[in-house]
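Each chain, letter by letter, is given below.
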Amino acid sequence: MNPKEVLKFIKDNDVKFVDFKFMDFLGTWQHFTVPAPELEESSFEDGFGFDGSSIRGWQAINESDMLILPDAGTCFLDPFPKLATISLTSTILDPITKEPYSRDPRSISLKAEAYLKSTGIADTAFFGPEAEFFCFDNVQYENAAHTCSYFVDSIEGTWNTGRDELPNLGHKPRHKEGYFPCPPADTLMDFRSDVVQTLLDIGVPVEAQHHEVATGGQCEIDLRFSPLTQMADRLMTYKYTAKNTAALYGKSVTFMPKPLYNDNGSGMHVHCSLWKGKEPLFAGNGYAGMSEMAMHFIAGILKHANAIIAFSNPTTNSFRRLVPGFEAPVNLAYSQRNRSAAVRIPMYSPSPKAKRMEFRTPDPSCNPYLAFSAMLMAGLDGIQNKLDPGDPLDKNIYDLEPEELAKVPSVPGSLEEAIDALEADHEFLLKGDVFTQDVIDTWIEYKRENDIADVRLRPHPIEFHLYYDV
């Protein structure tokens, strides 16, 4: 829609409220709401004021005034509020200069797309994430000076086979065997279908939905690929829809990468390709039917992977998933079909339009505007410098002999290592002023002072088991 069409939509659908949604620095959707008559055509140029000092990683209290600028093209009728409400995804502006705010993630992704066009390499970067999540029936957690605990529960959990459910009908997905069993073992089919239908109703194309490998309610819904910023918008709409649909079912959805010990974590494999007009640029006559440009792009991803991971896997919990043995791609190699490599070249179709690379390391805890932008900037650096990705590794990496495996680079083992990697390697992100030095420095500082320090300083429950009797 354009602004006139949004106002007509409000009138035709007797809309009562307008909800402005925007991305905070770390990756959580925030919002505030105004009565529908407050939205005018000029609002799409003038914006609305709000206090930015309370948003994580943003302004100091003495610079708190910010502007939110709604994007008419993101309008949809929000299916969850009781009264008719439209949703408008928004970017953030400095109220004095009216320029995009440098720490606004959506502004960064828009700059990444503009930079891509300015290079002349391509005009569109398509992204297609496969974001997994868990759907639990109960979740409890507590952190205080004298206690630390968490408890999650699912009627699908293998640990509940002996639970009295009056009656317990069995049919629990076995440990690591949640991939594709039919109902009644898959109890979440109707829930996922409701999520998908809601997304389709509000204009978000979906390709598929299914149960995932882990027991305890792990799911995946795949969105149809779209341009970078639009896909980040749609991914946030997907997370919002899944969480709110789950609440209607009396359940709780989490995109936390590793909520269960010793079972598969939730990843977010990200497919990516570059196009110029209607021409796909990744199709060619090289390895796996890829072009020379595509191989340079892959080389850029592999070269800068450790820095990308500071954005694509931005939590300490991310590195509970990035360990060998759980299908997590911890080794920095590329291959056709091989899912144990960090970069895979899917071989489902010989069509040039289907040619793409898949970065398998990211997880759904990331801020997609930042993660997708970092991927694009790394790939472009590979193209601009004609980087060579080396030879493919068409083997099961987990079956390699130790001497051979030692030659394959691996991802960071902790968030701290990833942040260190970003600090050492971020020049490629600064091109075109896409990421500013302030953004990089603020991200590094926030992660070190909050996530990393908080987890490092807190006693872990397993330490009582290991050390209480020392």
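Worth saying up front: this structure is predicted, and the values here are computed from it rather than measured.

### Section: the overall build of the protein chain
Then, in step 1: Counting its secondary structure elements, the protein chain contains 14 helices and 18 strands.
Then, in step 2: Its C-alpha atoms give the protein chain principal-axis dimensions of about 60 × 60 × 50 Å.
Then, in step 3: Counting all 470 residues of the protein chain, 54% fall into the buried class.
Then, in step 4: Within the protein chain, counting contacts between residues at least 6 apart in sequence, those at least 24 apart form 68% of the total.
Then, in step 5: Accessible surface, the protein chain: about 21400 Å² in total, of which carbon and sulfur atoms supply 53%.
Then, in step 6: Here the protein chain contributes 43 positive and 67 negative side-chain charges, whose respective centroids are spaced 5 Å apart.

### Quick word on the packing of aromatic side chains
Then, in step 1: The tally for this structure, following the rule as stated, stands at 24 aromatic pairs.
Then, in step 2: One aromatic cluster is present, built from ring pairs that chain together F20, F22, F32, F48, F50, W58 and Y101.
Then, in step 3: Lying across the ring of F255, K239 places its NZ or CZ 5.1 Å from the centre.

### Quick look at the side chain of T198
Then, in step 1: Positionally, T198 belongs in helix α4 (residues 189–201).
Then, in step 2: Excluding anything up to four places from it in sequence, T198 contacts P79, F80 and T241.

### Looking at the packing of helix α3 (residues 105–119) against helix α5 (residues 228–248)
Then, in step 1: As a packed pair, α3 and α5 sit with axes 8 Å apart at the nearest point and diverge in direction by 150°. Of the possible angle classes, the one that applies to α3 and α5 is roughly antiparallel. Residues R106, S109, L110 and E113 of α3 form the contact with α5, whose participating residues are L228, T229 and D233.
Then, in step 2: Tallied by class, residues from the contact of α3 with α5 come to 2 nonpolar, 2 polar and 3 charged.

### Section: α4
Then, in step 1: The end-to-end C-alpha separation of α4 is 18 Å, in line with the 18 Å expected for 13 residues at 1.5 Å each.
Then, in step 2: Along α4, the positions that sit buried rather than exposed are F191, R192, V195, V196, T198 and L199. Projection of α4 onto a plane perpendicular to its axis shows the buried side chains occupying an angular sector of 160°, all on one side. Along α4, the residues that are exposed and aim more than 90 degrees away from the buried face are D190 and D201.
Then, in step 3: Considering only its buried residues, α4 is in contact with β7 (124–136), β10 (206–211), β11 (218–223), α5 and β13 (252–254).

### Remarks on the pairing of strand β2 (residues 29–35)
Then, in step 1: Note that strand β1 (residues 17–23) and β2 share 7 bridges and pair antiparallel. By the bridge assignment for β2, F20 is matched with F32.
Then, in step 2: Between the antiparallel neighbours β1 and β2 lie 5 residues, among them G27 with a positive phi of about 130°.

### Focus: a nonpolar patch on the surface
Then, in step 1: Among the surface-exposed residues, V139, Y141, Y150 and Y261 lie close enough to one another that they form a single nonpolar patch of about 580 Å² accessible area.
Then, in step 2: If you trace the backbone, Y141 turns up in strand β8 (residues 138–143).

### Some thoughts on a negative patch on the surface
Then, in step 1: On the surface, E38, E40, E45 and D46 cluster together into a patch of negative charge.
Then, in step 2: Along the chain, E38 turns up in the loop between β2 and α2 (43–46).

### Regarding the environment of L405
Then, in step 1: With respect to the helices and strands, the residue L405 is situated in helix α10 (residues 402–405).
Then, in step 2: On a C-alpha basis, the gap between L405 and N331 in space is 8.8 Å, while along the polypeptide they are 74 residues apart.
Then, in step 3: Not counting residues within four places of it along the chain, the set of residues in contact with L405 comprises N331, I397 and L400.

### A word on the nonpolar core
Then, in step 1: Counting residues in hydrophobic clusters, the biggest one holds 118 residues, and the most contacted among them are L39, F127, Y238, L274, M357, L376 and F435.
Then, in step 2: When neighbours within four sequence positions are excluded, F435 is seen to be in contact with I108, F311, L370, S373, A374, L429, L430 and I440.
Then, in step 3: Counting 6 residues, the second largest nonpolar core, distinct from the first, contains A341, L393, I397 and L400.

### Considerations on the pattern of salt bridges
Then, in step 1: Applying the stated criterion across every chain yields a total of 20 salt bridges.
Then, in step 2: K8 is paired through a salt bridge with D12; the nearest N and O atoms lie 2.7 Å apart. Taken together, the positions of K8 and D12, both in helix α1 (residues 3–12) and 4 residues apart, correspond to about one turn of that helix.
Then, in step 3: For R106, the salt bridge identified is with D71, shortest N-O distance 2.9 Å. Remark: D71 occurs in the loop between β4 (65–70) and β5 (76–77) and R106 occurs in helix α3; sequence separation between them is 35 residues.
Then, in step 4: The buried category is assigned to R106, whose relative accessible area is 4%.
Then, in step 5: Owing to a relative accessible area of 28%, D71 belongs among the partly exposed residues under this scheme.

### Things to note about unusual backbone geometry
Then, in step 1: Put simply, P183 and P184 share a cis peptide bond, and its omega is 10°.
Then, in step 2: Following the sequence through the fold, P184 ends up in the loop between β9 (148–153) and α4.
Then, in step 3: Its identity as a non-glycine residue notwithstanding, D14 has a phi of 50°, on the positive side.
Then, in step 4: Looking at the secondary structure, you find D14 in the loop between α1 and β1.
Then, in step 5: Of note, the phi angle at K386 is positive, near 50°, even though the residue is not glycine.
Then, in step 6: With respect to the helices and strands, the residue K386 is situated in the loop between α9 (368–384) and α10.

What counts and how
- Residues numbered from 1 in each chain as written.
- Predicted model: local features only at pLDDT ≥ 70, side-chain atom pairs only at ≥ 80, totals over all residues.
- Heavy atoms only, no water.
- Helix = DSSP H or I, 4+ residues; strand = E, 2+ residues; numbered from the N terminus.
- Buried < 20%, exposed > 50% of the residue type's maximum accessible area, 1.4 Å probe, protein only.
- Contact = heavy atoms within 4.5 Å.
- Areas by Shrake-Rupley, 256 points an atom, 1.4 Å probe, with all protein chains shown as cover.
- Lys, Arg positive; Asp, Glu negative; His and termini not counted.
- Charge placed at Lys NZ, Arg CZ, Asp CG, Glu CD.
- Phe/Tyr/Trp six-rings, centres within 6.5 Å; stacked < 30°, edge-to-face > 60°.
- Lys NZ or Arg CZ within 6 Å of the ring centre and 35° of its normal.
- Axes fitted to C-alpha atoms, helices over the stretch in contact; angles between N-to-C directions.
- Parallel < 35°, antiparallel > 145°, perpendicular 65-115°, else oblique.
- Nonpolar A, V, L, I, M, F, W, Y, C, P; charged D, E, K, R; others polar.
- Expected span 1.5 Å × (residues − 1).
- Arc of directions from axis to C-beta.
- Pairing = 2+ DSSP bridges.
- Patch = residues over 30% accessible without salt bridge, like charges linked within 9 Å, V, L, I, M, F, W, Y side chains within 5 Å.
- Salt bridge = Lys/Arg side-chain N within 4 Å of Asp/Glu carboxyl O.
- Core = buried A, V, L, I, M, F, W, Y, C linked by side-chain atoms within 4.5 Å.

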